Amino acid sequence: MSTLLHTIQMKLDTDEIPWQAAVLGIGVAVTAFEGWIGSRQRPYFSPVHHPYIPASLQPYLPASKSHDTYLKSQSYASDKLTFRSCSSLIDTLESYLLLSSALAPVWTALGLGPAEQGTFPYLGGRWTLLSGFWDLAKRCPGVGQGEIKRSLAFVAIMSVVSTVLSVPKGWYKNFVLEEKHGFNKMTKKTFIEDLVKSFVLGLALELPIIAGVLAIIRWAGQDAIFQIVQYLMLFIFTIQIIMIPLYPYLIAPLFNKFTPLPEDSPIFPKVKELAERLDFPLGRVWMMDGSKRSAHSNAFFFGLPYLTKHIVIYDTLMEKSTPEEIQAVLAHELGHWKGNHVPILLLTGLLQTAFSLGTFSLFLSNKPLLASFGIDTSSPATILSLFLAASLFTPLSAALQFATNSITRALEYNADRFAVKLGKAYAINLKGALVRIHEENLAIYGVDWIYSSWNNNHPTLIERLEALDEHLGEDGKEEKKVEAKKDL
């Protein structure tokens, strides 16, 4: 296997492959493919093509307002799809500008250094914006000749650029799209605070991790593919385990307020009763101010495997659902715990990461790849090799995400099935809660199966209701069998 990988690595190390055109072409192809998938879903958001609410949802919604909710859902979903499509096109344009010499005159005019612009479409030159940022990182104070310091400076520069470019999209999403449909609760002050916190926190977490990744690759050697993957997997797994308790206690409170749920709340005894029934290692029950930013609702639990767990309920969920419905939602969430779904997803993520790292490692010493983007190959640029390899294998990443979605959807069905096993009342209340949540979130509409499989890591409302009805039917048959045996 090692010999095969090294053979592939050597065959890829050639300037006969038009690397620059390949990376950009793959990006355009992925955008076009996702656009096609979106076009399949678009008719479901049209009152002309689908004027009536899906028949399977009609029994669950009040007849007096079901049609109005359906039309509002179509409008909201259509606007979100349009926003997503436009964002994807903008991202593709940004990638083109980064990986070509189109902005060479701007770079020179700003006095950031020499930049040579190639002929239209500005490919095949000896400078790209990517190489410009890499050279700029070298000139940052205190960087010197060290690869790791230069890479960290490069990541910091790219983070600044990425944050600035994200502002218009984030602003439009919150203050235009979400505002239009009544979901935005975020103030402009909160938006700016979140932006600054995310930027600072992102660098504080990313830079040490990237430094560790680069140090491991340097220590193992760029050609030691198996060793690189093994040690990076151990490193990433350690980071993930650390982040499980770190996120809820140190990171999440920077953005939201967590208040202990009062014991005299009508919801608290329901949660306690469920936890005791399942021997769930319940620590505390928290209420989170999700309404600070959005009217959307959710609930989840957190904690290291086999240790005390804590439950978090959005205040929006508590406002819109009955205590019995919230208990049913938590039954679904605890189904994830009972089925060991968190370790399964953790393992799935690690296997996906290992496969990706093994693929990316094939390009760590590929100088023609770097040179095609104007990168000086006389000094190591591992961070750029990883970045370009990830860009080359965008279709692979999309396929892996599709596979992960399939696994996640299966686990969601399994958690719903667990709630059904707790009793018919749980199943009925879960159905009611799901419909209420989707109704409040304006997510009542039909879905194309390819679009859903590609984009959604949860089954659609219709799919979940149908599965719950099927499980209820199965349990009903089992009950009748048991009663028949008793009669005998």
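Coordinates for the structure precede this section.
Residues numbered from 1 in each chain as written. Predicted model: local features only at pLDDT ≥ 70, side-chain atom pairs only at ≥ 80, totals over all residues. Heavy atoms only, no water.

Moving on, we get to the overall build of the protein chain. Scanning the protein chain from N- to C-terminus turns up 18 helices and four strands. For the protein chain, whose C-alpha radius of gyration is 26 Å, the value lies close to the compact-globule estimate of 23 Å for 488 residues. Overall, the C-alpha framework of the protein chain stretches about 85 × 50 × 45 Å when taken along its three principal axes. Sequence separation of at least 24 residues holds for 76% of the intrachain contacts in the protein chain that already meet a minimum separation of 6. By element, 64% of the accessible surface of the protein chain is carried by carbon and sulfur atoms, the whole surface being about 24800 Å². (Helix = DSSP H or I, 4+ residues; strand = E, 2+ residues; numbered from the N terminus. Rg over C-alpha atoms; globule rule 2.2 N^0.38 Å. Contact = heavy atoms within 4.5 Å. Areas by Shrake-Rupley, 256 points an atom, 1.4 Å probe, with all protein chains shown as cover.)

Now for the environment of Gly142. With respect to the element layout, Gly142 can be found in the loop between helix 5 (129-138) and helix 6 (147-180). Owing to a relative accessible area of 68%, Gly142 belongs among the exposed residues under this scheme. (Buried < 20%, exposed > 50% of the residue type's maximum accessible area, 1.4 Å probe, protein only.)

Here the focus is the sheet that holds strand 1 (residues 258-260). Overall, mixed pairing links the four strands, which are arranged 1-2-4-3 in an open sheet. Edge positions in the sheet fall to strand 1 and strand 3 (299-302), since each of these pairs with one other strand and no more. On average, adjacent strands in this sheet sit at an angle of 30 degrees to one another, irrespective of strand direction. By the bridge criterion, four bridges tie strand 3 to strand 4 (residues 309-314) in an arrangement that is antiparallel. Each bridged residue has a counterpart across the sheet, and for Ala299 the counterpart in strand 4 is Ile313. Against the sheet, helix 9 (residues 268-278) touches strand 2 (282-288) and strand 4, its axis set at about 145 degrees to strand 2. (Pairing = 2+ DSSP bridges. Axes fitted to C-alpha atoms, helices over the stretch in contact; angles between N-to-C directions.)

Attention now goes to a nonpolar patch on the surface. Taken together, the side chains of Ile192, Val196 and Val200 make up a nonpolar region of the molecular surface, amounting to roughly 270 Å² of accessible area. Within the fold, Val200 resides in helix 7 (residues 188-220). Residue Val200 is classed as partly exposed on the basis of its relative accessible area of 49%. (Patch = residues over 30% accessible without salt bridge, like charges linked within 9 Å, V, L, I, M, F, W, Y side chains within 5 Å. Salt bridge = Lys/Arg side-chain N within 4 Å of Asp/Glu carboxyl O.)

Quick look at the side chain of Ser46 now. Position of Ser46 among the secondary structure elements: in the loop between helix 2 (19-41) and helix 3 (63-98). A polar contact is formed between the side chain of Ser46 and the side chain of His49, at a distance of 3.2 Å. Discounting chain neighbours no more than four positions away, the residues touching Ser46 are Pro51 and Gln74. (Polar contact = N/O pair within 3.5 Å; in protein donor to acceptor, adjacent residues only side chain to side chain.)

Before going further, it helps to examine helix 6. Because an α-helix packs 3.6 residues into every turn, residues spaced three or four apart end up facing the same way. Taking 1.5 Å of rise per residue, 34 residues should cover 50 Å, and helix 6 covers 48 Å from first to last C-alpha, within 8% of that figure. Val167 marks the point of greatest bend in helix 6, at about 35 degrees, and the proline Pro168 comes within the next four residues. Following helix 6 by one or two positions, Gly182 adopts a phi angle in the positive range, close to 80 degrees. (Expected span 1.5 Å × (residues − 1). Bend = angle between axes of the 7 residues up to and from the residue.)

This next bit is on the pairing of strand 4. The buried count for strand 4 comes to six of six residues, which makes it a mostly enclosed element. Burial along strand 4 is two-sided: Lys309, Ile311 and Ile313 facing one way and His310, Val312 and Tyr314 facing the other are all buried. Relative to strand 4, strand 2 runs parallel, the two being bridged by five bridges. Considered in strand 4, the bridge of Met288 is made with Tyr314. Once strand 3 ends, the chain turns through six residues before running back antiparallel as strand 4, passing Gly303 with a positive phi of about 145 degrees.

As a further point, take the pattern of salt bridges. Across all of its chains, the model carries 14 salt bridges by this definition. For Asp79, the salt bridge goes to Lys180, with nearest N and O atoms at 2.8 Å. Here Lys180 lies in helix 6 and Asp79 lies in helix 3, a separation of 101 residues in the sequence. The class of Asp79 is partly exposed, set by a relative accessible area of 21%. Of the residues examined, Lys180 reaches a relative accessible area of 56% and is grouped as exposed. Ionic pairing is found between Arg150 and Asp135, a salt bridge with its closest N-O pair at 3.5 Å. Taken together, the residues span a long stretch of sequence, with Arg150 in helix 6 and Asp135 in helix 5 at a distance of 15 residues. Residue class for Arg150 comes out buried when judged on its relative accessible area of 8%. Look at the salt bridges and you will find they share partners, linking Asp91, Glu94 and Lys169 into a network.

The next thing to look at is the packing of helix 9 against helix 11 (residues 323-338). Viewed as axis vectors pointing N to C, helix 9 and helix 11 meet at an angle of 30 degrees, and their least axial separation amounts to 9 Å. It follows from the interaxial angle that helix 9 and helix 11 lie roughly parallel. Judged by the twist between their axes, the crossing of helix 9 over helix 11 is right-handed. Seen from helix 9, the contacting residues are Lys270, Val271, Glu273, Leu274 and Leu278; seen from helix 11, they are Pro323, Glu324, Gln327, Leu330, Ala331, Leu334, Trp337 and Lys338. Residues of the contact of helix 9 with helix 11, tallied by class, amount to eight nonpolar, one polar and four charged. (Parallel < 35°, antiparallel > 145°, perpendicular 65-115°, else oblique. Left-handed = near helix turned anticlockwise from the far one by under 90°. Nonpolar A, V, L, I, M, F, W, Y, C, P; charged D, E, K, R; others polar.)

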